[in-house]
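Examining the three-dimensional arrangement
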Amino acid sequence: MKAFILCAGLGTRLRPISNQIPKCLVEVKGTSLLERHIRKLKEINVSEIIINLHHKPDAIKEFLNRKKNFGINITFSEEDTLMGTGGAMIKAKEEIGTKTFVLVSGDLYTEYPLERLSYKVDGAHLIAVKNNKSTGDFSINEGIVEEGAGFNYGGIALINPTLLADRNKQHKEFWNDIILPAVKKKKVSAEIYEGVLKNINTNYLIKNYNLMVVSGIKPSSGYSLELEKVIKKNLNNYFYFKNIKPKKNFKVLPAQNTPFCLLNIDRPDKAIIVIN
């Protein structure tokens, strides 16, 4: 069994973090999203992983090199220009081969148990989440995906490579170009998942925690010496974000599951959580 992890995106919604690191290397609870995906895929006996690259590819390669690829065979598919999810799979179809593979979004944080995937699909099998606003990308009728509303794609899928056959290597969208034609042929099934499954981006973090969360801060000239000492003491690894410069109206407070947070005294409903 092979897997494809999507890691090429620019991460525009995650700026300024993604100006420094690719979004798949953002850490949640001390572990990067990419490491979480790889370890979970290994648990279900995935033997090879293809990762597409575009934004800050060297950072991903260096990370995996330090981790010795977590003991699994990893192949890179580098994109000079972003190909879209569909185009990325088509570009790497020779590496993917002819057997059904697991597709995972690199910026996804989830507790979905991958062992529940059946691995036998005619076209595709999607992990779906219910859209409570009565909108969404598709509907589900007795496990079969239909055109409509009510559900969104959750970022995990099984894909039969026949969906990628006889296609040119160019930009292709996942839904319109790859999945929708198979939906019209009743070749796409879906499972509704109600557990933890979120794309990690700034909007999600602010909505759920009313916070701006970053992977770390390296002090610059805008910081007090006292704050610099606190940061260096609490962070083993930190990155430099030019757009984050707490001034004298910020004070340091303890934060749950993090070394500390910077609380704006003038806006106590807003804070910057610093995590390593």
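Residues numbered from 1 in each chain as written. Predicted model: local features only at pLDDT ≥ 70, side-chain atom pairs only at ≥ 80, totals over all residues. Heavy atoms only, no water.

**What about unusual backbone geometry?**
To keep it simple, the criterion reads: Secondary structure is summarised from DSSP: a helix means a run of H or I of at least four residues, a strand means a run of E of at least two, and numbering begins at the N terminus for each. Partly exposed describes any residue whose relative accessible area lies between the buried limit of under 20% and the exposed limit of over 50%, with all areas from a 1.4 Å probe on protein chains only and scaled to the type maximum.
Phi angles above zero are rare outside glycine, and K56 is one such case at about 50°. For K68, which is not a glycine, the phi torsion comes out positive at approximately 55°. Relative to the helices and strands, K68 is located in the loop between helix 3 (57-66) and strand 5 (73-78). In this structure K68 comes out as exposed when scored by relative accessible area, which is 70%.

**A look at empty space enclosed by the protein**
Threshold: Think of a 1 Å grid over the protein atoms and nothing else: a 1.4 Å probe that fits but is trapped marks a cavity, an open set flanked by protein within 12 Å on at least five of seven lines marks a pocket, and residues with an atom within 4 Å of a point count as lining. Grid points are joined across faces, edges and corners, and a volume is the space filled by probe spheres set on the points. In this classification, the charged set is Asp, Glu, Lys and Arg, the nonpolar set is Ala, Val, Leu, Ile, Met, Phe, Trp, Tyr, Cys and Pro, and all remaining amino acids, among them Gly, are polar.
A full pass over the atoms with the stated rule returns one cavity of 30 Å³ or more. Approximately 90 Å³ is the volume found for the largest cavity. Every residue along the wall of the largest cavity is listed here: R36, H37, K40, L41, V104, L108, Y109, T110, Y112, L114 and I156. Those elements that place two or more of their residues in the lining of the largest cavity are helix 2 (33-43) and strand 7 (108-110). The element best represented in the lining of the largest cavity is helix 2, accounting for four residues. Here the residues of the lining of the largest cavity sort into seven nonpolar, two polar and two charged.

**Some details on helix 3**
Put simply, the rule reads: By definition, the arc is the one covered by directions from the helix axis to the C-beta atoms. Residues are treated as being in contact if the distance between any of their heavy atoms lies within 4.5 Å.
Within the span of helix 3, buried status applies to P57, I60, F63 and L64. Within helix 3, the buried residues cover an arc of 130° as seen down the axis, which keeps them to one side. In this structure, helix 3 carries N65 and R66 as exposed residues pointing more than 90 degrees from its buried face. For helix 3, the secondary structure elements touched by its buried residues are strand 3 (31-32), helix 2, strand 4 (48-53) and strand 5. K68 sits one or two positions beyond helix 3 and adopts a positive phi of about 55°.

**Remarks on the nonpolar core**
Selection rule: Nonpolar cores are built from buried Ala, Val, Leu, Ile, Met, Phe, Trp, Tyr and Cys residues. Side-chain atoms within 4.5 Å join them into one set.
Formed by 31 residues in total, the largest nonpolar core has its most connected members in L34, I38, L41, I49, I51 and L64. Among residues more than four places away in sequence, those in contact with I49 are A3, I5, I38, L41, I72, N73, I74 and T75. With 29 residues, the next largest nonpolar core counts I50, A92, I96 and A128 among its residues.

**Structural notes on the packing of helix 2 against helix 3**
Heads up, the condition is: Helix axes are fitted to C-alpha atoms over the stretch in contact, other axes to C-alpha atoms as well, and angles between N-to-C directions run from 0 to 180 degrees. Roughly parallel here means an angle under 35 degrees, roughly antiparallel means over 145, roughly perpendicular means 65 to 115, and every remaining angle is called oblique. Working rule for handedness: look at the near helix, and if it is turned counterclockwise from the far one by less than a right angle, call the crossing left-handed; if clockwise, right-handed.
Axis separation between helix 2 and helix 3 bottoms out at 11 Å; the angle between their running directions is 50°. What the angle tells us is that helix 2 and helix 3 run oblique. For the crossing formed where helix 2 meets helix 3, the hand is right-handed. Two secondary-structure elements touch here, helix 2 through L34, E35 and I38 and helix 3 through I60, F63 and L64. Here the residues of the contact of helix 2 with helix 3 sort into five nonpolar, no polar and one charged.

**Examining the environment of R36**
Within the secondary structure, R36 sits in helix 2. Residues R36 and Y109, 73 residues apart in the sequence, show an inter-C-alpha distance of 8.3 Å.

**Notes on helix 6 (residues 174-183)**
When you tally the buried positions in helix 6, you get seven out of ten residues, the bulk of the element. Among the residues of helix 6, F174, W175, I178, I179, L180, A182 and V183 are the ones counted as buried.

**Brief notes about the pattern of salt bridges**
Condition: Any carboxyl oxygen of Asp or Glu that lies within 4 Å of a side-chain nitrogen of Lys or Arg is treated as forming a salt bridge with it.
Scanning the entire structure with this criterion turns up six salt bridges. Here E48 ties to K2 by a salt bridge, and the two come within 3.7 Å at their closest N and O atoms. Of this pair, E48 sits in strand 4 while K2 sits in strand 1 (residues 2-6), and the two are 46 residues apart along the sequence. Two residues, K186 and E146, come together in a salt bridge whose shortest N-O distance is 3.4 Å. One end of the pair, K186, is in the loop between helix 6 and strand 12 (188-192); the other, E146, is in strand 10 (residues 144-147), with 40 residues separating them in the sequence.

**Some points on the pairing of strand 10**
As a reminder of what qualifies: Any two strands with at least two DSSP-identified bridges between them are counted as paired.
Two elements, strand 9 (residues 138-141) and strand 10, share four bridges in a ladder whose sense is antiparallel. The residue of strand 10 that forms the bridge with N141 is I144. From the end of strand 9 to the start of strand 10, which pair antiparallel, there are two residues, and E142 there has a positive phi angle of about 50°.

**Notes on the state of the cysteines**
To be explicit about the condition: Sulfur atoms of two cysteines make up a disulfide when they are within 2.5 Å.
Applying the stated criterion across every chain yields a total of zero disulfides. Here C7 stays free of any disulfide, with the sulfur of C24 as its closest cysteine sulfur at 3.6 Å. Residue classification places C7 among the buried positions, given a relative accessible area of 4%.

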